[in-house]
There are 2 protein chains.
Amino acid sequence: MSLQRRMHSLPLSDVKITDSFWGRWQRVLIDVTLPTQFDQLVATGRIANFNRAAGKEEGTFEGLWFNDSDAYKYAEACAYALTIRDDPKVRECLNAVIEAVTGAQQSDGYINTFFQLLHPTLKWRNLNMMHEMYCGGHLIEAGVAVFECLGDRRLLDVSIRFADLVMSVFGPGKRRGYCGHEEIELALIRLSGATGNSKYLEFARWMVEERGHSPSPFEAELQDPESVALWPRTGSLLTKQGRYDGQYAQDHLPIREHTEIVGHAVRAMYLYIAAAELGDDKDDTALEQALLRIWNNLTGRRMYVTAGIGPSSSNEGFTADFDLPNLSAYAETCASCGLVFWGHKMLEMTGDGDFVDVIERALFNGALSGISLSGDHYFYTNPLESRGTHERTPWFTCACCPPNIARLIGSVSNYAYGVSSDAFYVHIPIACEAQATFNGVPVQLKIESDYPWSGKYKLTISPKKPVQFKLLLRIPAWSSEMEIDLPTAEEPADYEGGYAVFDRTWTEGDTLTIDLCMEPNWVEADPRVKDNLGRAALCNGPLVYALERTDFGCAPQLFSADVEAPVIVQKEKLLEGVNTLMVEGLSIKEIAFDELYSPVGSTEMIESKAKFIPYYAWCNRGPTDMQVWVRQM
Amino acid sequence: MSLQRRMHSLPLSDVKITDSFWGRWQRVLIDVTLPTQFDQLVATGRIANFNRAAGKEEGTFEGLWFNDSDAYKYAEACAYALTIRDDPKVRECLNAVIEAVTGAQQSDGYINTFFQLLHPTLKWRNLNMMHEMYCGGHLIEAGVAVFECLGDRRLLDVSIRFADLVMSVFGPGKRRGYCGHEEIELALIRLSGATGNSKYLEFARWMVEERGHSPSPFEAELQDPESVALWPRTGSLLTKQGRYDGQYAQDHLPIREHTEIVGHAVRAMYLYIAAAELGDDKDDTALEQALLRIWNNLTGRRMYVTAGIGPSSSNEGFTADFDLPNLSAYAETCASCGLVFWGHKMLEMTGDGDFVDVIERALFNGALSGISLSGDHYFYTNPLESRGTHERTPWFTCACCPPNIARLIGSVSNYAYGVSSDAFYVHIPIACEAQATFNGVPVQLKIESDYPWSGKYKLTISPKKPVQFKLLLRIPAWSSEMEIDLPTAEEPADYEGGYAVFDRTWTEGDTLTIDLCMEPNWVEADPRVKDNLGRAALCNGPLVYALERTDFGCAPQLFSADVEAPVIVQKEKLLEGVNTLMVEGLSIKEIAFDELYSPVGSTEMIESKAKFIPYYAWCNRGPTDMQVWVRQM
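Residues numbered from 1 in each chain as written. Chains lettered and ligands numbered in written order. Predicted model: local features only at pLDDT ≥ 70, side-chain atom pairs only at ≥ 80, totals over all residues. Heavy atoms only, no water.

1. Here's the deal with the sheet that holds strand β3 (residues 417-420) of chain A
Remark on secondary structure: sheet strands pair via backbone hydrogen bonds, oriented parallel or antiparallel.
All names here are of chain A.
Then, number 1: With mixed pairing, five strands are arranged side by side in an open sheet as β3-β4-β8-β11-β10. Each of the sheet's edge strands pairs with one partner strand only, and the pair in question is β3 and β10 (494-496). Going from strand to strand, the sheet's axes swing by 25° on average, the running direction of each strand aside.
Then, number 2: With four bridges connecting them, strand β4 (residues 423-426) and strand β8 (residues 467-474) associate as parallel partners. Bridging from a neighbouring strand, Y425 pairs with L472 of β8. (Pairing = 2+ DSSP bridges. Helix = DSSP H or I, 4+ residues; strand = E, 2+ residues; numbered from the N terminus. Axes fitted to C-alpha atoms, helices over the stretch in contact; angles between N-to-C directions.)

Next comes the structure, spelled out in structure tokens:
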């Protein structure tokens, strides 16, 4: 069984990232992030929970009820990392996780250490909030990743047994049910791909299609005292009138009727990833139209300039159109990771390069800000303003974000390039060496670039023998003009879905040089975003920039930018090597007034220069004041 | 026993407010506010709770555990209102409350219908959160008010029995304890004044002085499971490290060591009212210095321009210096009422007119905004920006604010004028006719004004026979210059504590005309208030102004003001008669962008005029967008 796809990613082992930017992140991933995350898994009982469920260790369940998922996501990240470099320490950590997990599975296929250790009689009783299938979904993703990347079947076999158990309980003609926190749907689709068994795909389709039809299976759970006792804060699941409100879990309407993005942001992303795969598979236009509607609502009205999504802490998710507060932005790291994943599926479904504009905005900003340059401190939330209290920490009680950003960094090439049988796509020109086969001919592809610090890159194509295939080079929305040099001086055959298309026969050593003409540029938000009125944000290529007190010397909120003055780009060693942007403007002097409120004109203004750094790199020199949307002079 | 005071208010019955502004509020108070509040007290079981505790009615306790206090504050407001006009409906409502309350008191003096009906064995077990003495404090205030205004002793006798019971349980040599929500301290001081018995004053002093010494009596309550069961959300009473944190209830340090204002805003106000009385009584310099420190921290760093205080909903109170968010401002109506009360005690203690600047800021803005022009809808919180969702409602589950603003309106003359044996103070020139005695001679005083719409007023002094006394006319901080005409053309003898002082012999018909030169003026906030950088607020005399969508036609956030252009004052019939202020500036056109984020320069600006209305009057034409701090051009 294989999905019908317009394009797909290259296997991770067929691409080697060679650039200084993502290359460094992947080195840090292997040398720092994965070893320290393993230590956290151990220190917080996440590994012990499996061993206790296996009876190999004394003790009861420790931590939050969905903590198993962190170990699974971690294993997935390790699998990706090991395609980059076969590091013995990472291999050992992965092996420890696999051994712990395989030992804990029950003979019937069930695995969830919270229920096994604390509530063995209450399995599948609170699907809405207790995350059994969510955890199972991450198990399956890990199983598929470890198998596909390393050929190791151990977790895959655990996954298959779990999936088969779920399908023995739930499904058409059996119990109607799905997980409050979507994840297993997309995982089952991956499992279908890895095993060639379409039953998992069809079961995922059933769960996606059942969701949102009234009555919800979650309504009955609210009437079940034992279910409620597992998660008593049910008030947040009800409308003001006390009725069940499905929005939090995207359970308010059948998916084809969704028009706006609602509820918990990560849940929403994971649902729509699965839905996009399903729509792609069947060329399901109605589903595709629904997904485009939701996507447009999200990216046109509810997404931060950093591609942070889900502004509110109260539901970890969405509120209303244009409600994008900066200081209190929730913008969970996982949600921006999820946006990369969903955007990628939309790209595969449509072939439309506009999706890459969002993918790279999330990748280089809202997601990447979630991890420190050192690779061992994290943000859970990613505000666009700080007054000095927002801080990176080594771990969280609810630690979904650290392994999520780890698996994203490990698999970044998935989002940079795409292939089909007769086409190669450069979505994002990250420097790499890759191999692929077009029309039966193996081809070496090499990208040399200094992305995201420059928009210039060189692409060398080396087929075993001359071969015809299409080359599609994305024209980013931020690129004012794109210059392409082929030695033969030919023009692109076409422009299609945001790509310049060359359709020709390629021979050994064919080389293109491309300049995306990256220039610093100021953007304004739609005036319905009240928090950004009179303000501007500074971008350069895919990067959004921010002003920190550390560079400015006083609170960045005091600064107002002259958006018409030239912006000076400076390559610096600072922050592991970044381009800083020097901006001219005015600054209010941070002097104390005699009175809290004084006559207008009391503030003193001075001419001022401000050095902006990439948003992803903020808060790497201690907690400090920061601002993305600065006032315009 | 009487407190040693520099000055005091005139008895309410010796002043008749004659101005169109407060005169209208007091008419509405009697005709609308008090009758509808009584209906709410009945409809929500607040009266029934007393009758049930008395055994006169079937049923159990209804509502929140401190609901008795609403009936008491209501009775206090009725007492004040009946000095304004002897209205039969209000008299009947007050009588119904008094009868219900007197019937409910136990023979030992205890009265708290929550504990009597639900937890008779758990009295005095959770002083921190269960509000028994807080409710008792409001009972005492009502008892004193009804007695002093109407000569009716019924509630006073209930109060005395309750106070005596409290003093039989707590005090030096007995159990150490005080209420988590301060109130009874200030009430006992009033009771001392009304009864001439200094034991209540000394007991109040003991409670104020005991507070904040370690260990707190509330720490033991946290170890008492039955106490915790009464109010289980104890997490909010602990530090991050899990230790008891007294800040919420100002129980973190002995009062003389307080430097910053912390915790729940209304609690803080009520504590410091009592402390100011105690400091005044004994000329206690150390206590006075502590209070001035806290006052300066509050008004110099933690008070909105509207004199709203307590920015955060999480503790209904204070956070950090200069943390004054506009949209999410909590700024409870009760807290601004409390600020008027505390400011007034500070004024009496010091004679310093600077306190009146804060009192009238709170009175005309942050407190008065809490009630609709119609007198029957309320705000609990008073933000300085709205995006259309903030709304007035007829009542609240926690209904502390409606009767608080009612008692403030009923007693407004307390804050406008002051007397001592040889001096008359005009703090706020509200039009009135008053009588007082100076150096033994009865004097009629008459103020004619159109305050707050004009800063001009006329003061006529008519003693029975020529008499020497000091006349002190406040010079508001907002007054750029003050012109005073006496027919004899003499200059003030002195300027003292923010007052122009005339010390002379007055004879029948002596008349002064004063012009405080009220002009619209823009203010800026100290630049450490990050939310207001680049913004200005428009004021005129004591009033802060706001821009509503209703007048502007589109979101007020789109407007930026030309703070150098002339502001046109226009007297209008609108909103029961206000002066509006017309401002010039620019407005961003509220047009949708094609993309959420577009190149700078995408916004279109148009020249624009904006009509501002007084802040207190906002949201009287339906919920709408509103802004106080507008951007400067």
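Following the structure, the description resumes.
2. Re the interface of chain B and chain A
Then, number 1: Tallying the contact residues gives 45 residues for chain B and 45 residues for chain A.
Then, number 2: Surface buried jointly by chain B and chain A totals about 3,500 Å² across both partners, of which 60% is contributed by carbon and sulfur atoms.
Then, number 3: The interface formed by chain B and chain A holds 22 residue pairs in polar contact (both at pLDDT 80 or more) in total.
Then, number 4: By residue class, the composition of the side of chain B that touches chain A is 24 nonpolar, nine polar and 12 charged. (Contact = heavy atoms within 4.5 Å. Buried area = accessible area lost by both parts, 1.4 Å probe. Polar contact = N/O pair within 3.5 Å; in protein donor to acceptor, adjacent residues only side chain to side chain. Nonpolar A, V, L, I, M, F, W, Y, C, P; charged D, E, K, R; others polar.)

3. What to know about unusual backbone geometry
Then, number 1: In the segment running from S214 of chain B into P215 of chain B, the intervening peptide bond is cis, with an omega of 0°.
Then, number 2: With respect to the element layout, P215 of chain B can be found in the loop between α9 (198-210) and α10 (217-222).
Then, number 3: With an omega dihedral of 5°, the bond running from Y451 of chain B to P452 of chain B counts as a cis peptide bond.
Then, number 4: Its place among the elements puts P452 of chain B in the loop between β6 (441-449) and β7 (456-463).
Then, number 5: A positive phi angle, near 65°, is found at A307 of chain A, a position not held by glycine.

4. Looking at the nonpolar core
Then, number 1: Among the nonpolar cores identified, the biggest contains 234 residues, and W22, L339, W342, L473, L512 and F612 of chain A are the most heavily contacted of them.
Then, number 2: Residue contributions to this core peak at 12 residues, all from helix α12 (residues 265-282) of chain A.
Then, number 3: Once residues lying within four places of it in the same chain are set aside, the contact partners of F612 of chain A are W522, L538, Y545, A546, L547, F559, T580, L581, V583 and V630 of chain A.
Then, number 4: Residues C179, L230, V356 and Y380 of chain B belong to the second largest nonpolar core, which totals 230 residues. (Core = buried A, V, L, I, M, F, W, Y, C linked by side-chain atoms within 4.5 Å. Buried < 20%, exposed > 50% of the residue type's maximum accessible area, 1.4 Å probe, protein only.)

5. A closer look at the domain arrangement of chain A
All names here are of chain A.
Then, number 1: By domain assignment, chain A separates into domain 1 (12-112 + 120-415), domain 2 (418-515) and domain 3 (520-632).
Then, number 2: Taking only C-alpha atoms, the centre of domain 1 and the centre of domain 2 are 32 Å apart.
Then, number 3: Listed per partner, the contact involves 21 residues of domain 1 and 19 residues of domain 2.
Then, number 4: Between domain 1 and domain 2, a total of about 1,600 Å² is buried, with carbon and sulfur atoms accounting for 58% of that surface.
Then, number 5: Our count for the domain 1 to domain 2 interface comes out at two salt bridges. (Domains from an automatic or database assignment. Salt bridge = Lys/Arg side-chain N within 4 Å of Asp/Glu carboxyl O.)

6. What about the relation of the copies chain B and chain A?
Then, number 1: Of the transformation superimposing chain B on chain A, the axial component is 0.0 Å and the angular component is 179°, with the fit at an RMSD of 0.1 Å. Such a combination of rotation and displacement between the chain copies is what one expects of a two-fold axis. Residue M633 of chain B, judged by its C-alpha, is the member of chain B lying nearest the rotation axis, at 4.3 Å.
Then, number 2: With an isologous cut-off of 70% or more, the 100% of interface residues of chain B that recur at the interface of chain A puts this contact in the isologous class. (Least-squares fit on C-alpha atoms with pLDDT ≥ 70 in both.)

7. Let's talk about the sheet that holds strand β3 (residues 417-420) of chain B
Residues and elements named next belong to chain B.
Then, number 1: The strand order β3-β4-β8-β11-β10 describes an open sheet built from five strands, whose pairing is mixed. Each edge of the open sheet carries a strand with a single partner, namely β3 and β10 (494-496). Each adjacent strand pair in this sheet contributes to an overall mean axis angle of 25°, direction not counted.
Then, number 2: Strand direction decides the pairing type here: strand β8 (residues 467-474) and strand β11 (residues 499-506), joined by eight bridges, are antiparallel. Each bridged residue has a counterpart across the sheet, and for R474 the counterpart in β11 is Y499.

8. Thoughts on the packing of aromatic side chains
Then, number 1: One pass over the full model with this rule turns up 66 aromatic pairs over all chains.
Then, number 2: Taking 6.3 Å as the distance between ring centres and 65° as the angle between the ring planes, the aromatic pair formed by F559 of chain A and F612 of chain A counts as edge-to-face. You can see F559 of chain A sitting in strand β16 (residues 559-561) and its partner F612 of chain A sitting in strand β20 (residues 605-614), a full 53 residues away along the chain.
Then, number 3: Residue class for F559 of chain A comes out buried when judged on its relative accessible area of 0%.
Then, number 4: Measuring from ring centre to ring centre gives 6.2 Å for F38 of chain B and Y74 of chain B, while their planes differ by 35°; the resulting arrangement is tilted. (Phe/Tyr/Trp six-rings, centres within 6.5 Å; stacked < 30°, edge-to-face > 60°.)

9. Let's talk about the pairing of strand β7 (residues 456-463) of chain A
All names here are of chain A.
Then, number 1: Across the eight residues that make up β7, a large majority, six, are buried.
Then, number 2: Between strand β6 (residues 441-449) and the antiparallel strand that follows it, β7, lie six residues.
Then, number 3: In this structure, β7 lies alongside strand β12 (residues 510-515), joined through six bridges in antiparallel fashion. Residue pairing in the sheet places I461 in a bridge with D510 of β12.

10. Concerning the pairing of strand β14 (residues 535-540) of chain B
Two faces make up the sheet, and in a regular strand the side chains alternate between them.
All names here are of chain B.
Then, number 1: Within β14, six of the six residues are buried, which leaves the element mostly enclosed by the surrounding structure.
Then, number 2: Side chains R535, A537 and C539 of β14 all project onto a buried face; the interleaved residues A536, L538 and N540 project onto the opposite face, where all are buried too.
Then, number 3: Where strand β13 (residues 520-525) lies against β14, four bridges are found, and the strand directions are antiparallel. Within β14, the residue paired with V523 across the bridge is A537.
Then, number 4: Where β14 and strand β22 (residues 630-632) come together, two bridges link them in antiparallel fashion. Looking at the pairing, A536 lines up with V630 of β22.
Then, number 5: In this structure, β14 lies alongside strand β15 (residues 543-548), joined through two bridges in antiparallel fashion. Following the sheet pairing, N540 is matched in β15 by L543.
Then, number 6: Counting the residues between successive antiparallel strands, the hairpin from β14 to β15 contains two residues, one of them, G541, with a positive phi of roughly 60°.

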